[in-house]
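Spelled out from the first residue to the last, the chains are:
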Amino acid sequence: MTNNILQTDIYALAPHHRFQWEEAQQNYVILFPEGMVKLHGGAGEVIKRLDGKVSVGDVVVNLKATFPDAANIEADIIGMFELAVSKGWLRKV
Amino acid sequence: MTQASLGESVVQKIVHVQQNNGVSASATHTQPLWLLAEVTYRCPLHCAFCYNPTDYDKHTQNELTTEQWIQALRDARKLGAIQLGISGGEPLLRDDIEDIVIEAKKLGYYSNLITSGVGLTEKRIQAFKEGGLDHIQLSMHDITEEINNFITNTKTFELKKKVAAMIKNHGYPMVLNVVIHRYNIGHMREILEMAEALGADYIELANTQYYGWSLVNRSQLMPTKEQVDEAEAITNEFRANPNNKMKIFFVVPDYFSDRPKKCMNGWGEVFMIVTANGDVLPCHSARSLPNMQFPNVRDSGLEYAWKESPAFNKYRGDSWMKEPCRSCSEKENDLGGCRCQAFLLSGDADVADPVCSKSPFRHLIDQAIEDSKNPVMVAKPIVFRNDKNSKKIIAGEFNDRVESFHSLP
C-alpha cells in the first residue's frame with residue numbers, strides 16, 4: 001500500500017456504499033453490494049466526518065480536538081484513510 | 001439462484017477491519033447480519049443447477065403474505081440484520097416486491113434483489129429505485145445464446161442483455177452472478193469480457209455446489225479438475241490486469257479441494273433464511289437434514305428462531321463434532337464443513353464434510369468425480385428444475401437419480 005494520502009485531499013464515500021450506525025451491534029458499518037464492513041472505534045469516527053467537503057487535515061484537527069488523550073492519533077487516521085481507499089470504500093472528491 | 005451466491009461467498013466478503021487505530025474485530029457473531037428472503041419458489045427459469053429443494057412444488061401454494069414478510073423484516077432488523085437479499089425462485093413473480101423494498105428502506109436495510117431479470121420492466125425498476133432498493137444482482141448464464149437457453153431450459157438470452165442495460169441505466173451497480181459448470185467453464189475469458197462490456201462492477205463466478213437440483217444433475221454438470229484450474233488461472237490473470245476495474249469473486253468448488261468450506265460462515269452465526277412458506281433456516285438446504293424441526297414465522301417469532309430454537313443451536317460451536325473434527329487442529333478454519341453435504345452423502349449429519357481428505361467418507365467425493373467422467377452416467381438426461389419434475393421427484397419417480405443420497409436433495 002502506498003502512502004499517498006495528503007492533508008489537502010478530500011474524500012467521500014464511494015458510490016453504492018452506505019455508512020450507518022448499527023444500534024444492535026453498537027458500531028458503525030459500511031454497506032455495499034454483496035458485503036459489509038464493521039467499523040470499530042476510531043475507524044467509524046473518521047468516516048463519520050467525511051461529508052465531501054472536509055480535507056484529511058480537517059479530520060485530523062477535528063479528531064485531535066475531540067480525543068485529546070489519544071496518542072499518535074494522526075498516524076492512525078492516515079492509516080484508516082489508506083485502508084479505506086485501498087478497499088474502495090472511499091473516493092477522492 | 002446459486003447456493004454460493006447467497007451463502008459462504010458472501011460471508012467471505014465481510015471484512016473485519018483490524019488495524020492499530022483502535023479498530024478491532026469482534027470474535028464471534030451472534031446476530032443474523034444477513035437476512036435472505038426466499039419469497040417464492042416459483043420461477044420462469046428451469047436451471048439445472050438450482051439449489052432450491054427438489055420438492056419445492058410442495059411450497060408454492062403456501063407463500064407468506066405481504067404483511068407476514070413485512071413483519072419478518074421488522075423482526076430481523078431488531079435482531080441486527082442489515083443486509084437483505086430478496087430471492088427465490090424468481091422474486092419478481094410476486095407483485096409486492098415494491099412494498100417489501102419500501103419497508104426495507106424504511107428499516108435501514110441494504111437491500112438486494114437477486115433475480116434472473118425475467119419480469120423486470122421499466123415500470124418496476126423505477127418503483128424499486130424510488131422505493132430505495134440498493135442493488136440488483138442479475139444472473140447470467142453464458143456468452144452464447146445456445147448454452148444460456150439450454151442450461152436454463154428457456155429462451156432468455158436476449159432478454160438478459162436488455163435487463164442488464166436497464167439496470168445500468170437506472171444508476172444501479174452492475175452485479176452479475178454466473179454459475180459455472182461443465183457447459184460454460186470453457187468460456188471463462190469470454191464471460192469476463194462480456195461482463196466488462198456490460199459495465200459490471202462486480203461479478204461472481206460461482207462454481208456449482210451440489211445441492212438441490214444440481215446434486216441430482218451432478219454427473220452432468222461437474223467440470224474436470226483441469227477445467228477448474230484453467231478457469232481460476234484465467235480469472236487471476238484478469239484480476240492482475242490493472243485496466244480491469246471489475247471486482248471478481250471466484251467461488252472455489254469444494255469437491256476439488258481437500259478441505260471443506262466454512263459453510264455459511266458457521267451454522268446460525270451470520271445468516272438467517274426465511275423461505276417462501278415461512279420456515280426459518282440457518283442455510284438454504286437445511287431441510288434435507290433428518291430429525292430437525294425448523295421454526296416457522298407463522299408459529300413463532302424470529303427472535304425465538306435465532307436465539308432459542310433447538311435447530312439454530314444444534315450446530316453452533318463445536319461440541320457436536322465427532323472425530324476427526326473434534327481434535328482437528330484446523331477445526332476453527334472450516335467448522336467441519338457443511339452439515340447438509342455430510343448428511344446427504346454419508347447419512348450422518350454429525351460427521352466431517354466428506355470433502356475433507358481426513359473424512360472416512362472422502363471416497364464418496366472421489367467417486368462422484370469419477371462418475372462425472374463416466375460416459376454412462378453422463379449420458380443420463382439432465383433433470384431440469386420445473387414443476388413437473390418436482391412433482392415427479394415427490395412422487396418417487398427419478399428414484400435412480402436420488403437413491404444414493406440419504407434424503408431428498
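Residues numbered from 1 in each chain as written. Chains lettered and ligands numbered in written order. Predicted model: local features only at pLDDT ≥ 70, side-chain atom pairs only at ≥ 80, totals over all residues.

### Remarks on the pairing of strand β7 (residues 202-207) of chain B
All names here are of chain B. Most of β7 sits inside the fold, with six of its six residues counted as buried. Here β7 shows no split at all, with Y202, E204 and A206 on one side and I203, L205 and N207 on the other all buried. Looking at chain direction, strand β6 (residues 174-180) and β7 are connected through six bridges and run parallel. Paired with I180 across the strands is N207, a residue of β7. (Buried ≥ 20, exposed ≤ 12 C-beta atoms within 10 Å, placed from the backbone. Helix = DSSP H or I, 4+ residues; strand = E, 2+ residues; numbered from the N terminus. Pairing = 2+ DSSP bridges.)

### Here's the deal with the sheet that holds strand β2 (residues 34-38) of chain B
Residue and element names in this part refer to chain B. The strand order across the open sheet formed by nine strands is β8-β7-β6-β5-β4-β3-β2-β9-β10, and the pairing between neighbours is mixed. Two strands in the sheet have a free side with no partner beyond their single neighbour: β8 (247-251) and β10 (280-281). Here β2 pairs with strand β3 (residues 83-87) via five bridges, running parallel. Residue pairing across strands places W34 opposite Q83, the latter belonging to β3.

### Some thoughts on the nonpolar core
Core analysis: the biggest nonpolar cluster contains 134 residues, and I30(A), L176(B) and V178(B) have the highest contact counts within it. Element by element, the count of residues in this core is highest for β6(B), at six residues. Apart from residues lying up to four places away in sequence, I30(A) is in contact with H17(A), F19(A), M36(A), V37(A), L39(A), I47(A) and W89(A). (Core = buried A, V, L, I, M, F, W, Y, C linked by C-beta atoms within 7 Å. Contact = placed C-beta atoms within 7 Å.)

### Examining the packing of helix α3 (residues 66-79) of chain B against helix α4 (residues 97-107) of chain B
Residue and element names in this part refer to chain B. At their nearest, the axes of α3 and α4 sit 10 Å apart, and the two run at 20° to each other. Classed by the angle they form, the pair α3 and α4 counts as roughly parallel. As for the relative orientation of α3 and α4, their crossing is right-handed in sense. Between α3 and α4, the contacting residues are T66, W69, I70, L73, R74 and R77 on the first element and D99, I100, E103, A104 and L107 on the second. Classifying every residue of the contact of α3 with α4 gives six nonpolar, one polar and four charged. (Axes fitted to C-alpha atoms, helices over the stretch in contact; angles between N-to-C directions. Parallel < 35°, antiparallel > 145°, perpendicular 65-115°, else oblique. Left-handed = near helix turned anticlockwise from the far one by under 90°. Nonpolar A, V, L, I, M, F, W, Y, C, P; charged D, E, K, R; others polar.)

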